[in-house]
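A closer look at the structure
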There are 2 protein chains.
Amino acid sequence: MSDKADLSKISLNQITTENWSLKEAIDGCERNEVPWISIWRHKLAEYGVKQTAAHLKQSGIKVSSLCRGGMFPAATKEERAKRIDDNKRAIEEAAEIGTDTLVLVCGPAPDKDLVQARKWVEEGIEAIIPHAEQHGIKLGIEPLHPMYAADRSVVNTLGQANALVQKYQSKQVGVVVDVFHVWWDPELAAEIEAAKGTILGFHVSDWKVPILDMFKGRSMMGDGAIDIYGMRKQVEAAGYHGPIEVEIMNQELWDRPGDDVLKLMKERFVEHV
Amino acid sequence: MSDKADLSKISLNQITTENWSLKEAIDGCERNEVPWISIWRHKLAEYGVKQTAAHLKQSGIKVSSLCRGGMFPAATKEERAKRIDDNKRAIEEAAEIGTDTLVLVCGPAPDKDLVQARKWVEEGIEAIIPHAEQHGIKLGIEPLHPMYAADRSVVNTLGQANALVQKYQSKQVGVVVDVFHVWWDPELAAEIEAAKGTILGFHVSDWKVPILDMFKGRSMMGDGAIDIYGMRKQVEAAGYHGPIEVEIMNQELWDRPGDDVLKLMKERFVEHV
């Protein structure tokens, strides 16, 4: 490969170092020259929004995204309204910590009706667009692998996410491409092209056979079946040149010292992304 | 539900009673009034094709399909030719045991190049169509869930299988719809409609959260998230009225006495299919 991935774009999605607090993760990024971080809301709640914002400013670490809004479908109107309120809070938090992107994991169906659940997702996103606009936050619809359709998201292909984006006709909404979720898709190349100009994030990890755990089944880049390099070139051709998040749920990695994980992910990033 | 599934269509895919030999499975079907069976090739090899054909004839149990051909992609031309020869043998076996359908699980890529692997699948199927025609065997392309893209099949959506079928323009080739593999697909209803007249099989099981094992993660109908009844109605509207295979890889079921499993699957079939 002639053109290596640029380390100035690498971002630690903090679930990759799950055992670190947010404070430790920011310090870890600074110590290991990882210029970006993606922050999870429950970790942000623990550390506090103001303290996080101050720490980020002092460290110089930039925030590639806040993870995550979404979870729109619910059985009752009241519960769906609550979810929308929570998404609005997430938008405010994103603005306060200085990122421009909130990642949306859209949520599963409360029953067997996927068509209805997908409609609720559509309505939920629509309901928060004005708030996102007002706070200067972009909403990144992340299609999740079909194996999460029952418990995490009814948005399962990039084509489906693209169709949603087209419906809103709002600059505030785009897609997030995570190699683990979309690599298998026969329509992937066409759909990345179709997403031109609306890609808000690019996440990397790998798919190593056998997958022994549905949630913690991701591997370090280079250990699996995904042509990550090829996908990066496609995403770049579609106009995305922002930070690239390393997002790996993996118990074996979590059990290692965080600094070792950051060193390894930088090596693999240059080699395989 | 006003129109229950018709028990004269129920078929035991024999992997549902993995601990039974083929002889035991045929006897089990007869004892429990399950009129159809789907046979796996390794079990057939153990029992012998002639002995199986004789036993089937004597029992009156019909064969819904032989499982499985496919596995076309391989790194070398020689190996791909071997796979095609093996598929031809599978076609002959299917004819000898009196089924009209060979299920194709198309195989994974030998490397990271999914586009190339999918081309090999296309070429592989094309190569065996004349043999299938000659023996009166239909080839059922079964799209596998995207979570098997790395280790079992690069055909991962019904849309992709339909596109293959359209290319061949041969009455010998069609698709097999398995609820576990396709239920999540936002394009499912449209693609079942597009498959009109080419559906060669319908397989049922369920998706129960959490999935603890990628291969043995299926559940008994009614235990999970899939709207099986809705999908049966769609498949019937698309012209499929053949046998319905119960295909469940599940260790807990395998550990039960086979007769108990057959009784349970008949109850659940009427209730949920």
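Cut-offs and rules
Residues numbered from 1 in each chain as written. Chains lettered and ligands numbered in written order. Predicted model: local features only at pLDDT ≥ 70, side-chain atom pairs only at ≥ 80, totals over all residues. Heavy atoms only, no water. UniProt positions renumbered as here; feature names shortened; annotations may be inferred. Helix = DSSP H or I, 4+ residues; strand = E, 2+ residues; numbered from the N terminus. Pairing = 2+ DSSP bridges. Axes fitted to C-alpha atoms, helices over the stretch in contact; angles between N-to-C directions. Contact = heavy atoms within 4.5 Å. Phe/Tyr/Trp six-rings, centres within 6.5 Å; stacked < 30°, edge-to-face > 60°. Buried < 20%, exposed > 50% of the residue type's maximum accessible area, 1.4 Å probe, protein only. Lys NZ or Arg CZ within 6 Å of the ring centre and 35° of its normal. Buried area = accessible area lost by both parts, 1.4 Å probe. Salt bridge = Lys/Arg side-chain N within 4 Å of Asp/Glu carboxyl O. Polar contact = N/O pair within 3.5 Å; in protein donor to acceptor, adjacent residues only side chain to side chain. Nonpolar A, V, L, I, M, F, W, Y, C, P; charged D, E, K, R; others polar. Least-squares fit on C-alpha atoms with pLDDT ≥ 70 in both. Expected span 1.5 Å × (residues − 1). Bend = angle between axes of the 7 residues up to and from the residue. Right-handed = clockwise from strand over helix to strand, strands pointing away.

Moving on: the UniProt feature "domain: Xylose isomerase-like TIM barrel" (unreviewed entry) in chain A. Those places that UniProt annotates as "domain: Xylose isomerase-like TIM barrel" (unreviewed entry) correspond, in this numbering, to residues 40-255 of chain A. Helix makes up 44% of residues 40-255 of chain A and strand makes up 18%, while its end C-alpha atoms are separated by 19 Å.

This next bit is on the sheet that holds strand β1 (residues 10-13) of chain B. Residues and elements named next belong to chain B. Spatial strand order, β1-β2-β3-β4-β5-β6-β7-β10: eight strands in a closed barrel with parallel pairing. Between one strand and the next, the sheet's axes are offset by a mean angle of 30°, whatever the strand orientation. Looking at chain direction, strand β4 (residues 101-105) and strand β5 (residues 138-141) are connected through four bridges and run parallel. If you follow leucine 104 over to β5, its bridge partner there is isoleucine 141. Running at roughly 175° to strand β3 (residues 62-70), helix α4 (residues 77-96) makes contact with β3, β4 and β5 of the sheet. Contacts from helix α11 (residues 258-272) reach β1 and β10 (244-246), with the element oriented near 140° to β1.

Turning to the packing of aromatic side chains, a few remarks are in order. A complete count under the given rule lists five aromatic pairs over all chains for this structure. With a centroid separation of 5.6 Å and an interplanar angle of 85°, the aromatic rings of tryptophan 184 of chain A and tryptophan 184 of chain B are classed as edge-to-face. Of the two residues, tryptophan 184 of chain A is situated in the loop between α7 (179-182) and α8 (188-194) and tryptophan 184 of chain B in the loop between α7 (179-182) and α8 (188-194); the pairing between them involves two chains. The pair formed by tryptophan 184 of chain A and tryptophan 184 of chain B is uniform in burial state, with each residue classed as buried. A network of ring pairs unites the aromatic residues Phe180, Trp183 and Trp207 of chain A as a single cluster. Of note, arginine 152 of chain A hangs over the ring of tyrosine 148 of chain A, and the distance from its end group to the ring centre comes to 4.4 Å.

Right, let's get into the interface of chain B and chain A. Contacts between the two partners involve 25 residues from chain B and, on the opposite side, 26 residues from chain A. Roughly 2,100 Å² is buried in total at the junction of chain B and chain A, and carbon and sulfur atoms are behind 71% of that figure. Where chain B meets chain A, there are zero salt bridges. At the boundary of chain B and chain A, one finds four residue pairs in polar contact (both at pLDDT 80 or more). For the side of chain B that touches chain A, the residue count by class is 15 nonpolar, five polar and five charged.

After a rotation of 180° and a shift along the axis of 0.0 Å, chain B superposes on chain A with an RMSD of 0.0 Å. Such a combination of rotation and displacement between the chain copies is what one expects of a two-fold axis. The share of interface residues of chain B whose copies in chain A are also at the interface is 100%, consistent with both copies meeting through the same surface.

What follows covers the pairing of strand β7 (residues 199-204) of chain A. All names here are of chain A. For β7, a buried count of six out of six residues is recorded, marking the element as mostly surrounded by other parts of the structure. Note: strand β6 (residues 173-178) against β7, four bridges, orientation parallel. Bridge pairing in β7 places valine 175 opposite isoleucine 199. Pairing geometry for β7 and strand β10 (residues 244-246), over three bridges, is parallel. In the sheet register, phenylalanine 202 faces β10, and the bridge partner there is isoleucine 244.

Moving on to the pattern of salt bridges. Residue and element names in this part refer to chain A. Taken as a whole, this structure holds 28 salt bridges over all chains when the rule is applied. Of the charged contacts in the structure, one is a salt bridge between arginine 31 and aspartate 259, with a shortest N-O distance of 3.0 Å. With arginine 31 in helix α1 (residues 22-31) and aspartate 259 in helix α11 (residues 258-272), this residue pair connects regions lying 228 residues apart in the sequence. Take arginine 31: its relative accessible area is 51%, and that puts it in the exposed class. Between arginine 232 and glutamate 236 there is a salt bridge, with its nearest N and O atoms 2.8 Å apart. Taken as a pair, arginine 232 and glutamate 236 lie in helix α9 (residues 228-237) at a separation of four residues, close to a single helical turn. Across the pair, glutamate 236 and arginine 232 agree in class, each one buried. Each of Asp3, Arg232, Lys233 and Glu236 takes part in a single network of salt bridges with overlapping partners.

In this section: helix α5 (residues 114-135) of chain A. Residues and elements named next belong to chain A. Spanning 22 residues, α5 covers 31 Å between terminal C-alpha atoms, matching the ideal 32 Å at 1.5 Å per step. The largest bend in α5 comes to about 35°, at isoleucine 129, with the proline proline 130 one to four residues further on. Every buried residue of α5 is accounted for by Leu114, Ala117, Arg118, Trp120, Val121, Gly124, Ile125, Ile128, Ile129, His131 and Ala132. Tucked inside the fold, the buried residues of α5 contact α4 (77-96), β4 (101-105), β5 (138-141), α6 (158-168) and β6. Capping of α5 at its N-terminal end is provided by aspartate 113; its side-chain oxygen lies 3.3 Å from the backbone amide nitrogen of valine 115.

Right, let's get into the pairing of β4 of chain B. Residues and elements named next belong to chain B. Counted residue by residue, β4 has five buried out of five residues, so it is predominantly covered. What you see with β4 is no split at all: Thr101, Val103 and Val105 on one side and Leu102 and Leu104 on the other are buried throughout. Crossover handedness for the path β3 to α4 to β4: right-handed.

Residues and elements named next belong to chain A. Spatially, the eight strands close up into a barrel ordered β1-β2-β3-β4-β5-β6-β7-β10, and their pairing is parallel. Each neighbouring strand pair of the sheet contributes to a mean axis angle of 30°, computed without reference to strand direction. Here β5 runs beside β6; their pairing, made up of three bridges, is parallel. Bridge pairing links leucine 139 to valine 173 in β6. In this fold α1 packs onto β1 (10-13) and β2 (36-40), with an angle of close to 170° to the strand it touches most, β2. Taken strand by strand, α6 contacts β5 and β6, and its axis lies near 165° from that of β6.

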